[in-house]
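Residue-level structural notes
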Amino acid sequence: MTKTTHFRRRGVLALIGLVGGCLTAAAAQAAEPDKAEIDALKESLTKYEDYKAAIRDLYLSTVGCVYYSGEKVAGAMDYPKGAMGIHFVNVGSVSPTPDPTRPNVLIYEPVDGGLRLVAVEWLVPLTPDTKEPPKLFGQTFQGPMEGHYPLIPAEFHHYDLHAWLFKDNPLGMFSPTNPDVKCENYAFPMPEQPTKMVPGPM
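Definitions and limits used
Residues numbered from 1 in each chain as written. Predicted model: local features only at pLDDT ≥ 70, side-chain atom pairs only at ≥ 80, totals over all residues. Heavy atoms only, no water. Phe/Tyr/Trp six-rings, centres within 6.5 Å; stacked < 30°, edge-to-face > 60°. Lys NZ or Arg CZ within 6 Å of the ring centre and 35° of its normal. Core = buried A, V, L, I, M, F, W, Y, C linked by side-chain atoms within 4.5 Å. Buried < 20%, exposed > 50% of the residue type's maximum accessible area, 1.4 Å probe, protein only. Contact = heavy atoms within 4.5 Å. Helix = DSSP H or I, 4+ residues; strand = E, 2+ residues; numbered from the N terminus. Disulfide = S-S within 2.5 Å.

**Some remarks on the packing of aromatic side chains**
- Under the defined criterion, the tally for this structure stands at six aromatic pairs.
- The lysine or arginine in question, K52, covers the ring of Y51, its NZ or CZ lying 5.1 Å from the ring centre.

Rendered as C-alpha cells:
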C-alpha cells in the first residue's frame, strides 16, 4: 500500500467517525426536548400525589383497579400481562388535540390502604376528521379502539397513550400495562379483556 493510499484511507475513516459522532450528538439533542417536557410535566403533576387534589380538579375515580392477564385476542389490543391501575378521569378535558401539559387520566396504584400516583394517560376520540394517529413526546398513540367497557362506554372509539412518570416500568415508560403494579389486595380488582380495535387511519 502506498503512503498516499494509506493517508486517504485514514482520512475516510476519520471522516466516518466524525459524521457518526455528529449524528449521535444530534440524536441525543433531539431527545432532550422530550425529556425536558416530561420532567416539566412530572413537576406540574406532583400535587396529584394527593388523590383528593385530583378530585377537586374534577378527575373522578372509576374505582376499579384494571389489570390484564396477557391473553392475546384476535382483533383486540395486545396488552402485556400487568396492571393499568385505578383511573381518575377528567372527561371535560378530552378533545381531538391532546394537551401535553394536561393528561385526561391520572392513574393510581393501591398501596398500604392508600393510593399512589404512578402514571397518566391521554385519550383522543376517533372522529371523521381524524387523518392520522395522534402523537406526543415522539410516541404514536395506540388504537383506534373501543372504550374500555364497563369503565368507559364501548362506543367511545379512541386512541390513548400511557406514560409511567412516577413508577418505573420494565416494559417501558409508554407501555399500556405495568407488571410491577398490583391490584390483588385492593377491594375492587377489575380484570379486563383486551379492548377491541376499530377501523381508522393507519
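**Things to note about the nonpolar core**
- Core analysis: the biggest nonpolar cluster contains 35 residues, and Y48, L106 and W122 have the highest contact counts within it.
- Each residue touching Y48, except ones within four places of it in the same chain, is listed here: A53, A54, D57, Y59, L106, Y108 and L117.
- By size, the runner-up hydrophobic cluster in this structure holds six residues, among which are Y68, M77, Y79 and M84.

**Digging into the environment of R102**
- Inspection of the secondary structure assignment puts R102 in the loop between strand 2 (82–89) and strand 3 (105–111).
- Each C-alpha atom, one on R102 and one on W122, is 8.3 Å from the other, the two residues being 20 residues apart in sequence.

**Focus on the state of the cysteines**
- Summed over all chains, the structure comprises one disulfide.
- Paired through a disulfide, C65 and C183 show a sulfur-sulfur distance of 2.0 Å. Looking along the S-S bond of the C65-C183 disulfide, the torsion reads about -65°, which is the left-handed sense. Separated by 118 residues along the polypeptide, C65 in strand 1 (residues 60–68) and C183 in the loop between strand 8 (158–163) and strand 9 (189–191) bring together distant segments of the chain. This pair shows no difference in class: C65 is buried, exactly as C183 is.

**Details of unusual backbone geometry**
- For the peptide bond that leads from G143 to P144, omega is 5°, which places it in the cis range.
- Following the sequence through the fold, P144 ends up in strand 7 (residues 142–145).
- Even without a glycine there, the phi angle at D112 is positive, about 50°.
- Note that D112 resides in the loop between strand 3 and strand 4 (114–125).
- On the basis of relative accessible area, D112 is assigned to the exposed category, the value being 81%.
- Unlike most non-glycine residues, F137 shows phi in positive territory, near 55°.
- Within the secondary structure layout, F137 lies in the loop between strand 5 (135–136) and strand 6 (139–140).
- Residue class for F137 comes out buried when judged on its relative accessible area of 8%.

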